[in-house]
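# Summary of structural features
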There are 2 protein chains.
Amino acid sequence: MSSSNTISHEIAESLRDEILRQQYRSGERFPSERDLAARFDASRGAVREALSQLEQLGLIRTQPGGARVQSVDSASLAVLGPLLQLDDLPNPVLVDQFLETFGVLAALTAKNAVNAANADQLIQLKKLVVLLADESVDLESMQPRWREFMKILSEIADNLVVRLISNDLKAQFVDQMMRLGIRPDVKRSSIKRFISLLRVSINKNDGELASAAMLTHFEELRTAMSEAIGLKASEIRKMAV
Amino acid sequence: MSSSNTISHEIAESLRDEILRQQYRSGERFPSERDLAARFDASRGAVREALSQLEQLGLIRTQPGGARVQSVDSASLAVLGPLLQLDDLPNPVLVDQFLETFGVLAALTAKNAVNAANADQLIQLKKLVVLLADESVDLESMQPRWREFMKILSEIADNLVVRLISNDLKAQFVDQMMRLGIRPDVKRSSIKRFISLLRVSINKNDGELASAAMLTHFEELRTAMSEAIGLKASEIRKMAV
DNA sequence: CCGACCAATTTGGTCGGACCAAATAGTACT
DNA sequence: AGTACTATTTGGTCCGACCAAATTGGTCGG
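As a starting point, this report considers the structure included with it. (Residues numbered from 1 in each chain as written. Chains lettered and ligands numbered in written order. Predicted model: local features only at pLDDT ≥ 70, side-chain atom pairs only at ≥ 80, totals over all residues. Heavy atoms only, no water.)

### Here's the deal with the packing of helix α5 (residues 92-116) of chain A against helix α7 (residues 143-157) of chain A
Residue and element names in this part refer to chain A. Interaxial distance between α5 and α7 falls to 8 Å at its minimum, and their mutual angle equals 65°. Every pair of crossing elements has a handedness; the one defined by α5 and α7 is left-handed. Mapping the contact onto sequence places A106, T109, A110, N112, A113 and A116 in α5 and M150, L153, S154, I156 and A157 in α7. Its residues assigned to classes, the contact of α5 with α7 comprises eight nonpolar, three polar and no charged. (Axes fitted to C-alpha atoms, helices over the stretch in contact; angles between N-to-C directions. Helix = DSSP H or I, 4+ residues; strand = E, 2+ residues; numbered from the N terminus. Left-handed = near helix turned anticlockwise from the far one by under 90°. Contact = heavy atoms within 4.5 Å. Nonpolar A, V, L, I, M, F, W, Y, C, P; charged D, E, K, R; others polar.)

### Digging into unusual backbone geometry
Residues and elements named next belong to chain A. One non-glycine residue, Q22, adopts positive backbone phi at about 65°. Note that Q22 resides in the loop between α1 (7-20) and α2 (33-39). Its relative accessible area of 57% is what places Q22 among the exposed residues. Within the chain, D41 stands out as a residue other than glycine whose phi angle is a positive 55°. For D41, the position within the fold is in the loop between α2 and α3 (44-56). (Buried < 20%, exposed > 50% of the residue type's maximum accessible area, 1.4 Å probe, protein only.)

### Quick look at the relation of the copies chain A and chain B
Aligned on chain B, chain A shows an RMSD of 0.1 Å; the corresponding rotation is 180° and the shift along the axis is 0.1 Å. What the superposition gives is, in effect, a two-fold axis relating one chain to the other. (Least-squares fit on C-alpha atoms with pLDDT ≥ 70 in both.)

Right, here's the structure in full:
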């Protein structure tokens, strides 16, 4: 499950998940480095490297005398990915909040990109939208094109803050949903309308329109995703019986 | 300048700033741990803890054989704070992007909070807005109240994703601007209008109105901040002569 | 002259033991 | 019971050592 094969990373992941699972109360003393070293059968150095990562994530605060656990919602954004894949099924509330937040950022990006694009970039965007329209039969199969489109949008909009946020958010999310077999079922007509709105907004250089289209798309995605997760949850319950 | 008194943190800060200042090209080899230890006159262990923090920030990628520098805009959001206080004067473009992004998130928060607030919370919000109105003479002096208001909004909206983003963004920003003596001069009439719009939106339970008010406020803040930074820049140039 | 292959070196990853200073816990004293 | 003091725990740092992977540099063959 864990990726980076180094011991210190494994320890960090393990402890991170324990904290995210609320197995420690906020403010509680964290086990000592020597205890952790014994528990993981590793050297203190490896444990210290792991703890230094947790500290960077804002999950613990270390001091001579003992480390203390910090409340999860005072942590860094980088914990969101791990937070989403804690359990078999991602927390639906969190997923919804993710989509809502990512939606407004995507809308902002679309607005700025369409408004700021030069002639060449507009042509490029038009091409991409045409490609998207061709594949609009299935939300999943158009993923690669869709990502490319968003990437170009983001490059044109050129907002480092949004890009940094996206780095911590986007990466794992879609992949994980697919891996879990959660497929939001957005109506084909909705997708077609969305893409056609994108096309119009690009043709008319209308950033506000692009933004609005993006927003409604994410709204539809939210409800579809919510249903998809609910469906998956009942599947799992059935399996358990 | 640097906060945490431990050597490993000082090394991490130092190297972080060097990377953020683009003193290494993306993909370039990073100095070896042994070299860094010699340069900082520290042990390899301390250097390794520092590097493990940089890796968590997404600034470097380590591998047996050598660590490599990663491009800044593939880093974690947590680098934004340091990025803003790299130089005497924060990068105006970055500040503007920050305000634009934070603005849409604040608008989202306001919308959801006003829509979701129960009777008690609405009363609480009304009180806070009244307090804000009383102090609306000066943007700076109303900061404590303003922060409290945003905090309550954020608690009512209860969106963990936005909160995590804010953790990495908000904290240092306002403080740093004040410390540098950068005071955006938003017209008093604009502030008054903003607050009155907030009041109305709360009274009418109209989240969309609150969102729109927040958006225009941040728009005004952006232009004011841009002017303020420009002013400060010319001041500094004058001092240098 | 160039490319492929192989050995020497560099580099990160880990370990163990050791010392210091700060913070905590425990104890004795008032 | 409250306080002052001491012993212990804990994090922070250093050193030296070993392994395995990656890089480097040279050699050989075309």
